Amino acid sequence: MKFLKLSKPKEEEFLVLDFGSGSIKGLIFEPRAKKNIIKKFSIQDIEKFGVFTAANFEWEVIKEAAKKVIEGLEIEKQVSEIPALVGFSPKILKGKIIEVPFKRENPEPKIARDEEQKIHHYVLERAEKQVSQESLKEFGIIPQDLQTLKKEILEKKISDYKVPSILGHKGENLDFKILIIFGLRDNLKIVPQLKSFFGFKEINLFHEIEGLVSFSSGDKDISGIFLDIGAETTQIFSVKKGMEWMEEFPMAGNAFTREICQGLGSSEREGENLKRRLSKNQLSPGTRERIENLISETSKIWFSQMKEKLKKKAKIYSPLLSVFYLFGGGSCLPAIKKVLEEENFKDLPISQNIKVRFLNLEDLPLEARTGVPLPARTIPSILLSFCEYAKKNL
């Protein structure tokens, strides 16, 4: 039985500070039961490409850019009092969804509390070990260099039926879907540096998938393949009555920028500016056609890599969803939407009636009161604001 609160506490504001590969975004938001309120927004581009790399984490560059974001939010004097939710590019902070089966030796007794705890401990440890093995194979990262930040059970099944809890159930075959958030130990040293330099009251690390899990499990029924196309990495999230799976591959917006720079002999800054103007349809017809021709092959390579990730999951999940939701700065390129609509999906268990949509602010349970437009590359940062941590402080 739920009891009404006699008095409502003062709403608390939170800071979202999202360190991407190409920019740092800052948001001041207030969590609400129905709609989060975005009060302020600030963004600062990182001038030098490739700052976020395992071998070259340039603290001074990041620190100065973050300072400008804090100044843009006008919270320099209050920053030590505001809880901070911090996100990073996939090169720094990674997520994986692991499926772990468990077979009970004796399926007849109902699962008691102590058995439940033992099973949960076992499957979480198994998931973490599998992440270490996959990271070594996929990224060449040895287990000793990894730091696991969070382990969370997203889904539980007994005899292929979803259950909110395994406690009190009988059954032999159990299946668990587990989210692991992890990163490189050396790169994660930035977290205490940030806390010390800015004097944050609290600093909590989150991956955008945590916000997407929370959002997708809400009242709004939204399903599809969500593509976050950032600067250096494309992340793929499959949402179908909750989170199904996630994947990533190292190709995104900067690949198109580099192609433009090489084709036109322009600087990185000029190439990035041309790419953004192309996305906003601000180029002359002749220039637009030339740049579209330059990046046409790049878009096909990007599609091929994305399709390989879908093929990997198609062996487990069939059929694949046919609605694609695009977000992130790289998603604004017309070439991305075009290649998804025009390229061939025939060798995948997916409907040929492909629909490509953009994940917009209007699709999210929030209200923007910033007084300035929030660009597409802000969506991953906004997703951080839906994490369960903020909800618990309502």
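All values reported here derive from a predicted model rather than from experimental measurement.

Turning next to the confidence of the model for the protein chain. Here the protein chain averages 88 in pLDDT, while 92% of its residues score no lower than 70. In this model, residues 1-10 is a region of pLDDT below 50 whose contacts with residues beyond four sequence positions or in other chains number one contact. Across residues 49-56 the pLDDT falls below 50, and counting only partners more than four positions away or on other chains, this stretch makes 26 contacts in the model.

Pairing is mixed in the open sheet, where five strands are placed in the order β14-β13-β12-β15-β16. Edge positions in the sheet fall to β14 (243-249) and β16 (355-358), since each has one partner strand and no second. In this sheet, adjacent strand axes meet at a mean angle of 20° when their direction is disregarded. Looking at chain direction, strand β13 (residues 234-239) and β14 are connected through six bridges and run antiparallel. Across the sheet, the residue bridging to Ser238 is Trp245, located in β14. Lying on the sheet, helix α7 (residues 285-314) is in contact with β12 (224-229), β13, β14 and β15 (323-327); it crosses β14 at an angle near 140°.

Quick look at unusual backbone geometry now. Positive phi outside glycine occurs at Ser159, with the angle close to 55°. Along the chain, the position of Ser159 falls in the loop between β8 (146-158) and β9 (161-162). If you check the backbone angles, Asn281 has positive phi at about 60° while not being a glycine. Relative to the assigned elements, Asn281 resides in the loop between α6 (268-279) and α7.

Cut-offs and rules
- Residues numbered from 1 in each chain as written.
- Predicted model: local features only at pLDDT ≥ 70, side-chain atom pairs only at ≥ 80, totals over all residues.
- Heavy atoms only, no water.
- pLDDT = per-residue confidence, 0-100.
- Contact = heavy atoms within 4.5 Å.
- Pairing = 2+ DSSP bridges.
- Helix = DSSP H or I, 4+ residues; strand = E, 2+ residues; numbered from the N terminus.
- Axes fitted to C-alpha atoms, helices over the stretch in contact; angles between N-to-C directions.

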